[in-house]
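Analysis of the macromolecular model
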Amino acid sequence: MFLKQIPILIDNYVWMLVDSYGFCIIIDPGCSEEIIKTIEQNKWHPIAIFLTHNHIDHVSGVKNIIQYYSHSITVFGPDETKQHYVNTILKQGDKIVILNKTFEIFFTPGHTSGHITYYSFPYLFCGDTIFSGGCGRVYNNQYLEMYNSIKLISTFPNNTILCCAHEYTLLNLKFTMFFIPNDITIQLYFEKIKSRLKIGKSSLPSYLIFEKKINLFLRTDEFFLKKELGLSKFSSALEVFKELRIKKDFFWS
Ligand SMILES: [Fe+2]
Ligand SMILES: [Fe+2]
C-alpha cells in the first residue's frame, strides 16, 4: 500500500491510496483529467472515491471519473456531497473496509457544516480541516465547530500522517513567524519548505507530532498567544483560536 499525491488546480492535492495489485482509492478529486491520466499510465484500478466536503475544488472530478470507469466505483461522502454521485453517505462513527484497510469516519465541521475526515492508521485524509502550519478557513461563524475539529485531530496518534488538501504551508508559516519570529524550528521548516517548493516538490504530507510544534492552531492553549493577539489573560483557548483564525483571514503578505 502506498500513498500517491497529485497536484491539481492552483494549490490542491488529490491523494490516492494504491495497493500492491493497483487497486486504488481517490480522495477529493477536484478535477478528472490528471487523475484519469495517472491511473491509466500506471494501469491502476480505481474502486472508490472519498469526499470530505462539498466544495467545488474537491468534488468536480467525480462525474467524469465514474463515467470513464463505467460506474464501477463506489463514491463515499457526507450528506452535503450527495448530489455528486455519492452511493454511500457517511457520518461520525461509520467504518468502511476497503483495500483490506478499515477507515473510520470522523465528523469535522467548521470549514463546512458537514465536513468529514477519513482515518486509517497512519493516514488521515483531512480535507480542508487542518493544513501544515494552519487550518481551514471558517465559514458561517463555525469557530466552535472548527476549534473542536482541530482538537479532535490533536488526539490522534502522534505519528499520524496528515494528508491535507492544499499547499498553503509557506503562507501559513509566514503568518506563524509574524507572531513567533525567533522560533528556530519554525525558521528551519520555513527555509526547508521554501527550497522544496522552488524545485517543484510538495510540503505535504505532514506528521501530527511535528504540527504540534509549528502549527499555532494546535497551540491555542499556550499563554504567550493571548499576549501576542492582544487578548486578556482570562481569554479561553477558543477565543484565541477565533482571533488567530480571523487574523489569518487578513494576512496575505
Ligand atoms: Fe473547502
Ligand atoms: Fe479546498
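Rules behind the numbers
Residues numbered from 1 in each chain as written. Chains lettered and ligands numbered in written order. Predicted model: local features only at pLDDT ≥ 70, side-chain atom pairs only at ≥ 80, totals over all residues. Heavy atoms only, no water. Pairing = 2+ DSSP bridges. Helix = DSSP H or I, 4+ residues; strand = E, 2+ residues; numbered from the N terminus. Donors = N, O, S within 2.8 Å, 3.2 Å for Na, K, Ca; no water. Tetrahedral: all angles 85-135°; square planar, octahedral: opposite > 155°, others 65-115°. Buried < 20%, exposed > 50% of the residue type's maximum accessible area, 1.4 Å probe, protein only. Contact = heavy atoms within 4.5 Å. Axes fitted to C-alpha atoms, helices over the stretch in contact; angles between N-to-C directions. Core = buried A, V, L, I, M, F, W, Y, C linked by side-chain atoms within 4.5 Å. Lys, Arg positive; Asp, Glu negative; His and termini not counted. Salt bridge = Lys/Arg side-chain N within 4 Å of Asp/Glu carboxyl O. Polar contact = N/O pair within 3.5 Å; in protein donor to acceptor, adjacent residues only side chain to side chain.

Some words on the pairing of strand β8 (residues 101–107)
Sheet analysis places strand β7 (residues 95–98) next to β8, joined by four bridges and oriented antiparallel. Looking at the pairing, Ile-98 lines up with Lys-101 of β8. If you look at the hairpin formed by β7 and β8, you'll find two residues sitting between the two strands, and Leu-99 has a positive phi there, around 55°. Across four bridges, the pairing between β8 and strand β9 (residues 116–120) is antiparallel. Across the sheet, Glu-104 pairs through a bridge with Tyr-119, a residue of β9.

Quick look at the coordination of the iron ion (ligand 1)
For the iron ion (ligand 1), the full set of protein donor atoms is His-53 (NE2), His-55 (ND1), His-111 (NE2) and Asp-128 (OD), at a range of 2.1 to 2.2 Å. Each of the four donor atoms around the iron ion (ligand 1) contributes to a set of angles spanning 89 to 171°, which defines the coordination as irregular. Given a relative accessible area of 0%, His-53 falls into the buried group. Since its relative accessible area comes to 3%, Asp-128 is described here as buried.

Comments concerning the sheet that holds β8
Here we have six strands laid out as an open sheet, ordered β7-β8-β9-β10-β13-β14, and mixed in their pairing. With one partner strand each, in any of the chains shown, β7 and β14 (206–207) form the two edges of the open sheet. Across the sheet, helix α4 (residues 143–154) lies against β8, β10 (123–127) and β13 (161–164), angled at about 150° from β8, the strand it touches most.

A word on the nonpolar core
Counting residues in hydrophobic clusters, the biggest one holds 58 residues, and the most contacted among them are Phe-50, Phe-103, Tyr-118 and Phe-125. With five residues, α4 is the largest single contributor of residues to this core. Judged by nonpolar contacts, the second largest core, of 22 residues, contains Ile-6, Ile-35, Val-62 and Val-75.

Structural notes on the side chain of Lys-101
For Lys-101, the location among the structural elements is in strand β8. We note that Lys-101 is buried and unpaired, the nearest opposite charge coming from Glu-104 at a distance of 10 Å. There is a polar contact of 3.2 Å between the side chain of Lys-101 and the backbone oxygen of Phe-121. Setting aside anything within four residues of it in sequence, one finds Lys-101 in contact with Met-1, Ile-96, Ser-120, Phe-121 and Tyr-123.

Focus on the pairing of β9
Extensive coverage of β9 is indicated by the burial of five of its five residues. Where burial is concerned, the two faces of β9 agree: the one with Ile-116, Tyr-118 and Ser-120 and the one with Thr-117 and Tyr-119 are both buried. Connecting β9 to the next strand, β10, in antiparallel fashion are two residues.

A few points about the coordination of the iron ion (ligand 2)
Looking at the iron ion (ligand 2), one finds its protein donor set to be Asp-57 (OD), His-58 (NE2), Asp-128 (OD) and His-166 (NE2), positioned 2.1 to 2.3 Å from the metal centre. Of note, the iron ion (ligand 2) draws all its donor residues from one chain, in the sequence arrangement D-H-x69-D-x37-H. We classify His-58 as buried; its relative accessible area is 0%.

Concerning the pattern of salt bridges
When their charged atoms lie close together, side chains carrying opposite charge are able to pair. In the structure shown here, the tally under the stated rule is seven salt bridges. Residue Lys-82 pairs with Asp-79 through a salt bridge whose shortest N-O separation is 3.6 Å. The class of Lys-82 is partly exposed, set by a relative accessible area of 48%. The exposure class assigned to Asp-79 is partly exposed, which follows from its relative accessible area of 43%. Ionic pairing is found between Lys-91 and Asp-94, a salt bridge with its closest N-O pair at 3.4 Å. A relative accessible area of 55% means that Lys-91 is categorised as exposed. Judged by relative accessible area, which is 18%, Asp-94 ranks as buried. Among the ionic contacts, a cluster of salt bridges with common partners joins Arg-137, Arg-245 and Asp-249.

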